[in-house]
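Take a look at the letters that make up each chain.
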Amino acid sequence: MTAPALDPGVRSWRKAVDDLQQGWGQRQLWGHLGWQDIRQRYRRSVLGPIWITISMAVTAVALGILYAGLFDVELSVLLPHVLVGFIVWNFISGCIGEGSEVFIANEGLIKHLPAPLSVHVYRLVWRQLLFFLHNLLVYLVMLLVFPQPLHWTVIAVLPALVLLALNGAWVALAVGIITTRFRDILPITQSVVQLMFFLTPIVWIYDDLVNSPNPAIAERARLAEFNPFLHFLEIIRRPLLGQDQVWRHWVVVLVITVVGWALTMVVLRRYRSRVSYWV
């Protein structure tokens, strides 16, 4: 007896899930490609990928010194805050910025290599994770100059990083598909990322402004709670600086993760087969 034919809707959902599973199964492929991306970018450089870390460190230190003077905050307090904020923000902005053109940039591979779409997203997130690990060198140096009161809660960084990667994957997948169809989304995405850098507490300390004696400043600062990037920053930055966990940040991140992947699966189900034509 032949198996009953699946409903077209069920079949499209299964293809979307299979794309993610098959892409994950090709870890050797996208892992190698992600590492090769970094090597290719710095092929004839003496320091290689370390330039990524040096560039980020110089920018973070310069802004840390500047804003410490502007806000009258001790450099030993603000500089670690800014450095860790930059490390996390580089991962977030990389996933969004490069994710918006992940399929456009891989046009040749998509048209000629029979691989799941998710392979290109996994490759991007893996590459950003490698950059993140490179940038942690700056954090280790910072600990020598400005020791932090670290305790066992620093291990919370591991699940936080997993959540960050999961969200980077769905953002790259969803925005990448949409941008492939509507190319005007690309410059809009890049502009929004630049704007959100200043609206996110990277070079300023959220708690200081919320507790400001000026009620107007405190009230405006509370609006940052509506900024989702605040919560992603805090679940990684607080344990790395030895600060107490604030569980509402974890709750918000978990909700965004579930809702984001649910919406992304809808987009993947409906438009996965069209990406190869749109590119």
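Further up the page is the structure itself.
Fair warning: this is a prediction, and the values are worked out from it, not measured in the lab.

Participant: Lay out the overall build of the chain with the relevant residues and their values.
Facilitator: For the chain, the helix and strand inventory stands at 14 helices and 0 strands. Counting from the amino terminus, helix and strand elements in the chain follow one another as α-α-α-α-α-α-α-α-α-α-α-α-α-α. Taking 279 residues into account, the globule formula puts the C-alpha radius of gyration at 19 Å, and the chain, at 21 Å, falls close to it. Overall, the chain is about 75 × 50 × 40 Å in size when its C-alpha atoms are taken along their principal axes. Every one of the 279 residues in the chain was classed for burial, and the buried ones make up 48%. Carbon and sulfur atoms make up 66% of the accessible area of the chain, which totals about 15,100 Å². Taken as two groups, the 22 positive and 16 negative side-chain charges of the chain have centres that lie 13 Å from each other.

Participant: Give me the lowdown on the side chain of Asp-19, citing residues and values where you can.
Facilitator: Its location among the elements puts Asp-19 in helix H1 (residues 8-25). It is Arg-272 that comes nearest to the buried, bridge-free Asp-19 among opposite-charge side chains, at 4.0 Å. With near-sequence residues (within four places) excluded, Asp-19 lies in contact with Pro-116, Leu-117, Ser-118 and Arg-272.

Participant: Can you break down unusual backbone geometry residue by residue, with the values?
Facilitator: What you tend to see is this: most non-glycine residues have negative phi, and most peptide bonds are trans. The backbone of Asp-72 shows a phi angle near 55°, a positive value even though the residue is not glycine. Note that Asp-72 resides in the loop between helix H3 (50-71) and helix H4 (75-99).

Participant: Give a description of the packing of helix H8 (residues 157-181) against helix H13 (residues 247-271) that names residues and reports values.
Facilitator: Between H8 and H13, the shortest axis-to-axis distance is 9 Å and the interhelical angle comes to 30°. It follows from the interaxial angle that H8 and H13 lie roughly parallel. Every pair of crossing elements has a handedness; the one defined by H8 and H13 is left-handed. Between H8 and H13, the contacting residues are Pro-159, Ala-160, Leu-163, Leu-166, Asn-167, Ala-169, Trp-170, Leu-173, Ala-174 and Ile-177 on the first element and Trp-250, Val-253, Leu-254, Ile-256, Thr-257, Gly-260, Trp-261, Thr-264, Val-267, Leu-268 and Tyr-271 on the second. Among the residues forming the contact of H8 with H13, the class breakdown is 17 nonpolar, 4 polar and no charged.

Participant: Give me the packing of H4 against helix H7 (residues 118-145): which residues, what numbers.
Facilitator: Direction vectors running N to C along H4 and H7 enclose 170°, while the axes themselves pass 10 Å from each other. Considered as vectors, H4 and H7 are oriented roughly antiparallel to each other. Side by side, H4 and H7 meet where Pro-80, Leu-83, Val-84, Ile-87, Val-88, Asn-90, Phe-91, Gly-94, Cys-95, Glu-98 and Gly-99 of the first sit next to Leu-124, Val-125, Arg-127, Gln-128, Leu-129, Phe-132, Asn-135, Leu-136, Val-138, Tyr-139 and Met-142 of the second.

Participant: Residue-level account of the side chain of Ser-100, with values.
Facilitator: By secondary structure assignment, the location of Ser-100 is in the loop between H4 and helix H5 (102-105). By relative accessible area, Ser-100 is classed as buried at 0%. A polar contact of 2.6 Å, which involves the side chain of Ser-100, links it to the backbone oxygen of Gly-97.

Participant: Provide a residue-level description of a nonpolar patch on the surface, including the pertinent values.
Facilitator: A surface patch of nonpolar side chains, amounting to about 520 Å² of accessible area, comprises Ile-50, Trp-51, Ile-54, Val-58, Leu-137 and Leu-140. Mapped onto the nonpolar patch, the elements with two or more residues apiece are H3 and H7. In terms of residues, the nonpolar patch owes the most to one element, H3, which gives 4 residues. On the accessibility criterion, Ile-50 (30% relative accessible area) is partly exposed.

Rules used in this analysis
- Residues numbered from 1 in each chain as written.
- Predicted model: local features only at pLDDT ≥ 70, side-chain atom pairs only at ≥ 80, totals over all residues.
- Heavy atoms only, no water.
- Helix = DSSP H or I, 4+ residues; strand = E, 2+ residues; numbered from the N terminus.
- Rg over C-alpha atoms; globule rule 2.2 N^0.38 Å.
- Buried < 20%, exposed > 50% of the residue type's maximum accessible area, 1.4 Å probe, protein only.
- Areas by Shrake-Rupley, 256 points an atom, 1.4 Å probe, with all protein chains shown as cover.
- Lys, Arg positive; Asp, Glu negative; His and termini not counted.
- Charge placed at Lys NZ, Arg CZ, Asp CG, Glu CD.
- Salt bridge = Lys/Arg side-chain N within 4 Å of Asp/Glu carboxyl O.
- Contact = heavy atoms within 4.5 Å.
- Axes fitted to C-alpha atoms, helices over the stretch in contact; angles between N-to-C directions.
- Parallel < 35°, antiparallel > 145°, perpendicular 65-115°, else oblique.
- Left-handed = near helix turned anticlockwise from the far one by under 90°.
- Nonpolar A, V, L, I, M, F, W, Y, C, P; charged D, E, K, R; others polar.
- Polar contact = N/O pair within 3.5 Å; in protein donor to acceptor, adjacent residues only side chain to side chain.
- Patch = residues over 30% accessible without salt bridge, like charges linked within 9 Å, V, L, I, M, F, W, Y side chains within 5 Å.

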